[in-house]
Number of protein chains: 2
Amino acid sequence: MHIFRNDTHLQHAPVHEFYDGALIPPFESAERARIIDRALDATGYPIHETISGIPESLLTRIHTHDYIHYLQHIYARWCTAGGATEAVLPSTLAVRWMHRHSPHPLAEPGYYAFDLSAPIVAGTWQAARDAASMAYSASLAVVNGAPYAYARCRPPGHHAGSDMCGGYCYLNNAAIAAETALARGRVAILDIDIHHGNGTQQIFYARNDVTFVSLHGQPEVMYPYFLGFADEHGVGSGYGHNRNIPLALGSDDATFLRAIDDACAYIQSQHVHTIVLSAGFDTYAGDPLGGFALTRDCYVHIGRRCAALGLPIVVVQEGGYAIEALGDNLVALLHGISGV
Amino acid sequence: MHIFRNDTHLQHAPVHEFYDGALIPPFESAERARIIDRALDATGYPIHETISGIPESLLTRIHTHDYIHYLQHIYARWCTAGGATEAVLPSTLAVRWMHRHSPHPLAEPGYYAFDLSAPIVAGTWQAARDAASMAYSASLAVVNGAPYAYARCRPPGHHAGSDMCGGYCYLNNAAIAAETALARGRVAILDIDIHHGNGTQQIFYARNDVTFVSLHGQPEVMYPYFLGFADEHGVGSGYGHNRNIPLALGSDDATFLRAIDDACAYIQSQHVHTIVLSAGFDTYAGDPLGGFALTRDCYVHIGRRCAALGLPIVVVQEGGYAIEALGDNLVALLHGISGV
């Protein structure tokens, strides 16, 4: 299990997000990465801290050029235009019947975001770019013959769409890993974060080379709410290559593992050559943004069942906000996958 | 000039909105209505404080049943679900590619809003319903033979769409006045608020019985940003019955009055029988949410040019945040219209 990480994420440390009617400290914090790193240090897995920079040509196969340009420059533009210096956060959003592009620095954040949980500060672009580079590097390792690799991405990625940030996500790391792994042939992304990987779904919804399958809390009651229903199967040539498995609040190990078996059978039917695992741990019992009741042991079993597919796996870090348990839960998953 | 008003609006007094990255006291406040009332009291216009309640059947011709039900009940549902008690404000919004309905009390505010400037508190529904009733009553007066009537609506309405609140607006008072005035035949709504009447446009975009014409700041640089461009002409049978006249920041009396002349010529070409005037005064020089440079005298001229069309006029209060000047600016407009 090759580990890819660096500390660029420390440049991304917004002081707040707007959530359920109040400004609060973000649940997604640098402390998450520190706790993961401590657990990884104890495993003996080879750790790679020199990350290959993601090529621009790869980034623009996942995200629009305009959106990338936006992420790079908006913080300075926003501040110059009078936006609050704590962070870029939209207040008017481009919605169902009003969604034409407007270039004003105080407007664009509402065009390129679906929520107020993706604050942008001065170092956000650098952190997001390096997280994407980790996913690229881990996937490259698998393309070059490693059976398993893990990218300790922070910020996470699965909520980021082709031209939208949200849910602590700016660049879609799992999508970038999948695009990279296409060098080996078709890819499946399995998303086990409790929150639907809405961005990943959107990016690949009309494509048949990357299959997306997600286990998550029912969108009727669980963030991000407005996508992720069971009847979303893909469109055009992507039809039949998207699978959502929404689960009820309170779901436990047994329920989750049955859904994992469903997902694995579906992945087998898709004849893929690589698996990208969007690994969130907010399914853990007591996670402050969760609602499931998984135990640590469940992550070992998830890992084993994924490994039983007999394919290389790129593990990409997504959510998980029960911070004290996060490192050990991750290591449980990685042990399950690699057997060591 | 018959004046319709009451004090139910006092029940709507949210402590904050989220704007340009910060929680701030709302620019739209009860003090606006107090200053307007003081100016109206000095005019001698007949004042009607007993308002006819708007029939449910009229309300549901403008707004969806589900949205009305949402407005009535969301504050209590939101608080029970753990939302901040200060006000209902969405944090995740239903946007371009994720906009399926989700019924969770912490999710629905993001389905039924396009921004964070329409906070909902315990008394919001009562205030919005009475504002709609004022617009209905003023329009009824015109239907029954009065040449001119004014509804001192608070909260305002022109940003509210068929199933969306935003920009201090919950129910679209001008749309309700127009729907009521259809008893006299076709109607034109002229919107002179500096912000595009996006909600009014959306409500009537596919209809040919109500024409919408709006003068406003260019949506590239002015809230609400994502609608209101000059090439939006209506759809279906509504094609040709929507006209946007975006004006540059800094526009002065002369520029605005030329645009009023354009708008009046367009209204004449539409062969309507009643005018509803969405009267915002945030075009006034120095308005904190504005960007134009109109003087008080301009409102007299606007009123005269509207009256020169020779049609009954229902004036509906929209924005205006240069509070100390608001009452006098309104009276200038009403004098211009009525000649007294």
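To keep things clear, this report deals only with the structure shown in the data block. Predicted model only: the values in this text are computed from it and were never measured.

Here we take up the packing of aromatic side chains. How two aromatic rings sit relative to each other is given by the distance of their centres and the angle of their planes. Applying the stated criterion across every chain, the model contains 27 aromatic pairs over all chains. Geometrically, the ring pair formed by F226 of chain A and Y111 of chain B is tilted, given 6.3 Å between the ring centres and 35° between the ring planes. With F226 of chain A in the loop between β7 (210–217) and β8 (242–247) and Y111 of chain B in helix α4 (residues 108–111), the pair connects residues from two separate chains. The burial state of F226 of chain A is the same as that of Y111 of chain B; both residues are buried. Ring centres 6.2 Å apart and planes at 65° place the aromatic pair F256 of chain A and F292 of chain A in the edge-to-face group. Of this pair, F256 of chain A sits in helix α8 (residues 253–269) while F292 of chain A sits in the loop between β9 (274–279) and α9 (296–307), and the two are 36 residues apart along the sequence. You'll find F256 of chain A and F292 of chain A in the same group, each marked buried. Aromatic rings pair up to connect Y67, Y70, Y111 and Y112 of chain A together with Y223, Y225 and F226 of chain B into one cluster. Sitting above the plane of the Y266 of chain A ring, R243 of chain A keeps its charged end 5.5 Å from the centroid.

To continue, consider the sheet that holds strand β5 (residues 148–151) of chain B. Residue and element names in this part refer to chain B. If you walk across this open sheet you meet the eight strands as β4-β1-β5-β10-β9-β6-β7-β8, and the pairing is parallel. Edge strands, defined here as strands with exactly one partner in the open sheet, are β4 (47–48) and β8 (242–247). The pairing of strand β1 (residues 2–4) with β5 spans three bridges and is parallel. Opposite I3, over in β5, you have Y150 as the bridge partner. Here helix α5 (residues 124–143) sits on the sheet in contact with β1, β5, β9 (274–279) and β10 (313–317), set at roughly 175° to β5.

Take the interface of chain A and chain B next. Facing 52 residues of chain A, the contacting portion of chain B comprises 52 residues. With both sides pooled, the region where chain A packs onto chain B buries about 4,600 Å², and carbon together with sulfur makes up 64% of that total. Among the salt bridges present, the one from R100 of chain A reaches E232 of chain B, with a minimum N-O distance of 2.8 Å. At the junction of chain A and chain B, the tally comes to 26 residue pairs in polar contact (both at pLDDT 80 or more). Counting only elements with at least two residues in the side of chain A that touches chain B, the list comes to β2 (17–19), β3 (22–24), α4 (108–111) and α7 (198–204) of chain A. Element by element, the count of residues in the side of chain A that touches chain B is highest for α7 of chain A, at three residues. Across the side of chain A that touches chain B, the residue classes tally to 29 nonpolar, 15 polar and eight charged.

Basis of the calculations
- Residues numbered from 1 in each chain as written.
- Chains lettered and ligands numbered in written order.
- Predicted model: local features only at pLDDT ≥ 70, side-chain atom pairs only at ≥ 80, totals over all residues.
- Heavy atoms only, no water.
- Phe/Tyr/Trp six-rings, centres within 6.5 Å; stacked < 30°, edge-to-face > 60°.
- Helix = DSSP H or I, 4+ residues; strand = E, 2+ residues; numbered from the N terminus.
- Buried < 20%, exposed > 50% of the residue type's maximum accessible area, 1.4 Å probe, protein only.
- Lys NZ or Arg CZ within 6 Å of the ring centre and 35° of its normal.
- Pairing = 2+ DSSP bridges.
- Contact = heavy atoms within 4.5 Å.
- Axes fitted to C-alpha atoms, helices over the stretch in contact; angles between N-to-C directions.
- Buried area = accessible area lost by both parts, 1.4 Å probe.
- Salt bridge = Lys/Arg side-chain N within 4 Å of Asp/Glu carboxyl O.
- Polar contact = N/O pair within 3.5 Å; in protein donor to acceptor, adjacent residues only side chain to side chain.
- Nonpolar A, V, L, I, M, F, W, Y, C, P; charged D, E, K, R; others polar.

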